[in-house]
Amino acid sequence: MEKLIVVVDVQRDFFDPSGSLYVKGSEVLPEKIARFAGDYDACIFTLDWHPANHCSFASMGGIWPSHCVAYTQGAGLADEFAPLLALPHTHLFFKGTQPDKEQYGAFEKLEDGPVYELLTEAEEIDVCGIAGDYCVKESCANVLKIARNAKVSLLADCICSIDGGEALEAFAAAQGVAVKR
């Protein structure tokens, strides 16, 4: 396989202005990403998929409002992704499913399975999504550890960050990750 795209957490609670953890400017991402994601050899969508009592929620002592609770509308992907989800080369990868564990990076303990194989076999991997300073950055760090032989890039025009992009830019510079604009 040549090219893979990893779409991190482009879910309603993050991209919809009425979402519980809306990231400014991200409402344009579903349409932008859907336009070209089908051109890749494979696509992985990561999803925050939290139980209602997740440790990251303010109601449980965490720092975030309740968001992306499993099986709720806020945890859903954009309608624009429906055609992509029907393709055989598209995979969903759920994270943050344990109530007592915060998980920003999608692939931190991934050691086997179809998604692991995709990551290890790809020659090029492009990463995009929400939020650049948390889940995109950490998921990209995970990809770098797994896909040691791939050229990993960040798709800057398809990433929105809470901090405006500073943390992700510093990470990319420190790790030597290409940033495509």
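Our structure is the block above this text.
Residues numbered from 1 in each chain as written. Predicted model: local features only at pLDDT ≥ 70, side-chain atom pairs only at ≥ 80, totals over all residues. Heavy atoms only, no water.

We now examine the nonpolar core. Grouped together as the largest cluster of nonpolar side chains are 59 residues, with contacts concentrated most on Phe107, Leu119 and Ile125. The contact partners of Leu119, leaving out residues within four places of it in the chain, are Leu4, Val6, Ile44, Phe107, Leu110, Ile125, Val143, Ile146 and Ala147. (Core = buried A, V, L, I, M, F, W, Y, C linked by side-chain atoms within 4.5 Å. Buried < 20%, exposed > 50% of the residue type's maximum accessible area, 1.4 Å probe, protein only. Contact = heavy atoms within 4.5 Å.)

Quick look at the state of the cysteines now. In the structure shown here, the tally under the stated rule is zero disulfides. Cys135 provides the cysteine sulfur closest to Cys68, a residue in no disulfide bond, and the two sulfurs are 8.7 Å apart. Just so you know, Cys140 is unpaired, no disulfide at all, and the nearest cysteine sulfur is the one on Cys128, 11 Å from it. Owing to a relative accessible area of 0%, Cys140 belongs among the buried residues under this scheme. (Disulfide = S-S within 2.5 Å.)

This part is about the packing of helix 5 (residues 132-146) against helix 6 (residues 166-175). Across the interface, helix 5 lies against helix 6 with an axial gap of 9 Å and an inter-helix angle of 20°. In terms of orientation, helix 5 and helix 6 fall into the roughly parallel class. Like other packed secondary-structure pairs, helix 5 and helix 6 cross with a definite hand, here right-handed. Contact residues: helix 5 offers Gly132, Asp133, Val136, Lys137, Cys140, Ala141 and Leu144, while helix 6 offers Ala167, Leu168, Phe171 and Gln175. Of the residues that constitute the contact of helix 5 with helix 6, the class distribution is seven nonpolar, two polar and two charged. (Axes fitted to C-alpha atoms, helices over the stretch in contact; angles between N-to-C directions. Helix = DSSP H or I, 4+ residues; strand = E, 2+ residues; numbered from the N terminus. Parallel < 35°, antiparallel > 145°, perpendicular 65-115°, else oblique. Left-handed = near helix turned anticlockwise from the far one by under 90°. Nonpolar A, V, L, I, M, F, W, Y, C, P; charged D, E, K, R; others polar.)

For the rest of this paragraph, the subject is the sheet that holds strand 1 (residues 3-8). With parallel pairing, six strands are arranged side by side in an open sheet as 3-2-1-4-5-6. Whereas interior strands pair on both sides, the edge strands pair on one side only; in this sheet they are strand 3 (90-95) and strand 6 (178-180). On average, each strand axis in the sheet is inclined to that of its neighbour by 25°, with strand direction left out of account. Contacting strand 1, strand 4 (124-130) and strand 5 (151-160), helix 2 (residues 29-37) runs over the sheet at an angle of about 140° to strand 5. (Pairing = 2+ DSSP bridges.)

It is worth spelling out the pairing of strand 5 at this point. For strand 5, the buried fraction is high: eight of the ten residues fall into the buried class. Relative to strand 5, strand 4 is paired through six bridges, and the arrangement is parallel. Paired with Glu124 across the strands is Lys151, a residue of strand 5. Read from strand 4 through helix 5 to strand 5, the crossover connection turns out right-handed. (Right-handed = clockwise from strand over helix to strand, strands pointing away.)

Below, the discussion takes up the environment of Ile130. Among the structural elements, Ile130 can be located in strand 4. Judged by relative accessible area, Ile130 falls into the buried class, the value being 0%. Residues Ile130 and Val10, 120 residues apart in the sequence, show an inter-C-alpha distance of 5.8 Å. The residues contacting Ile130, other than those within four sequence positions of it, are Val8, Asp9, Val10, Phe14, Phe15, Val23, Ser26, Leu29, Cys135, Val136 and Cys160.

What follows covers the packing of aromatic side chains. Per the stated rule, a full pass over the model turns up seven aromatic pairs. Taken together, a centroid distance of 6.3 Å and an interplanar angle of 50° make the contact between Phe36 and Tyr40 tilted. You can call Phe36 partly exposed: its relative accessible area is 24%. Under the relative-accessibility criterion, Tyr40 is labelled buried at 10%. Relative to Tyr134, the ring of Trp64 has its centre 5.1 Å away and its plane inclined at 90°; by these criteria the two rings are edge-to-face. With Trp64 in the loop between strand 2 (42-48) and helix 3 (82-85) and Tyr134 in helix 5, the pair connects residues that are 70 residues apart, well separated along the chain. For Tyr134, a relative accessible area of 28% corresponds to the partly exposed category. (Phe/Tyr/Trp six-rings, centres within 6.5 Å; stacked < 30°, edge-to-face > 60°.)

Function cannot be read off these values alone, since they describe shape.
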